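Breakdown of the fold
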Amino acid sequence: MEVYSTENEQVDAIKQFLKNYGLTIILAIVIGVGGIWGWKYWQSHQANRLQESAGEFATINEALTKPTPENIALAEKFVSETNDIYGALASLELAQLAIDANDLAKGETHLTKAISMVKNEAFADMLNLRLARVQLALDKTDAALISLEQVKSKAWDGMKNYIRGDVLAKKGDNAGAAAAYRNALNDENAGAIRSLVELKLNNLSN
């Protein structure tokens, strides 16, 4: 699997932000809540649960630096019991471990689970791009195209069209692939992948 540093930097930035400001955000939610007591109680409960998830994720994240079967099982249990951004991050970690072990089917499962827990569009976009690449590697080209359609931010248009080109090329649609690669090259954010796109576009012409 190809590694894209831009996406990895996005994940690291999310983790660092939550590490630095997670508790502050939680407290702000609790303090800022107005309305009836029941609403306050619900918000306080949600904030407390998110704080607990943050602590549990820190433990899981540390454990996965040594991905023993026991530690992976611990992370999977956390994901199964969690439905917030920390569960999504843990599922993303599990997906990467599975992909590194060449278990792409399991990687797809973990990425799909992560997407189901994410409410932040930017994070969801990045996860869908990764999912599309895994599905492409699994020859699930139609599923990969569907995953790419879930990517909404124009900031990812270059990468989205690059992957779309790879998918269409694998489907034998060289004309569609060439159009997608050209769209990727026309994107202002294509700098990091420009040389790869140009190479693949040239290969289609030969």
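Above this note sits the structure.
Notes on the structure follow. From a predicted model like this one, the values you see are computed outputs, not experimental measurements. (Residues numbered from 1 in each chain as written. Predicted model: local features only at pLDDT ≥ 70, side-chain atom pairs only at ≥ 80, totals over all residues. Heavy atoms only, no water.)

Side note on the packing of aromatic side chains
In total, this model carries two aromatic pairs according to the counting rule given. Taking 6.0 Å as the distance between ring centres and 40 degrees as the angle between the ring planes, the aromatic pair formed by Phe57 and Tyr86 counts as tilted. Pair noted here: Phe57 is in helix α2 (residues 37–63) and Tyr86 is in helix α4 (residues 85–100), with a separation of 29 residues, a long-range link. Just as Phe57 is buried, Tyr86 falls in that class too. Considering the side-chain rings of Tyr162 and Tyr181, the 6.4 Å spacing of their centres and the 45 degrees angle between planes classify their relative orientation as tilted. In this pair, Tyr162 sits in helix α8 (residues 157–170) while Tyr181 sits in helix α9 (residues 174–186), placing the two residues 19 residues apart along the sequence. By relative accessible area, which is 0% here, Tyr162 ends up buried. (Phe/Tyr/Trp six-rings, centres within 6.5 Å; stacked < 30°, edge-to-face > 60°. Helix = DSSP H or I, 4+ residues; strand = E, 2+ residues; numbered from the N terminus. Buried < 20%, exposed > 50% of the residue type's maximum accessible area, 1.4 Å probe, protein only.)

A word on the pattern of salt bridges
One pass over the full model with this rule turns up six salt bridges. Between Glu108 and Lys140 there is a salt bridge, and its shortest N-O distance comes to 2.8 Å. Of this pair, Glu108 sits in helix α5 (residues 104–117) while Lys140 sits in the loop between α6 (121–137) and α7 (141–149), and the two are 32 residues apart along the sequence. On the accessibility criterion, Lys140 (37% relative accessible area) is partly exposed. Among the ionic pairs, Arg164 bridges to Glu149, the shortest N-O distance being 3.1 Å. Here Arg164 is found in helix α8, whereas its partner Glu149 is found in helix α7, with 15 residues between them in sequence. Using a relative accessible area of 40% as the deciding quantity, one classes Glu149 as partly exposed. (Salt bridge = Lys/Arg side-chain N within 4 Å of Asp/Glu carboxyl O.)

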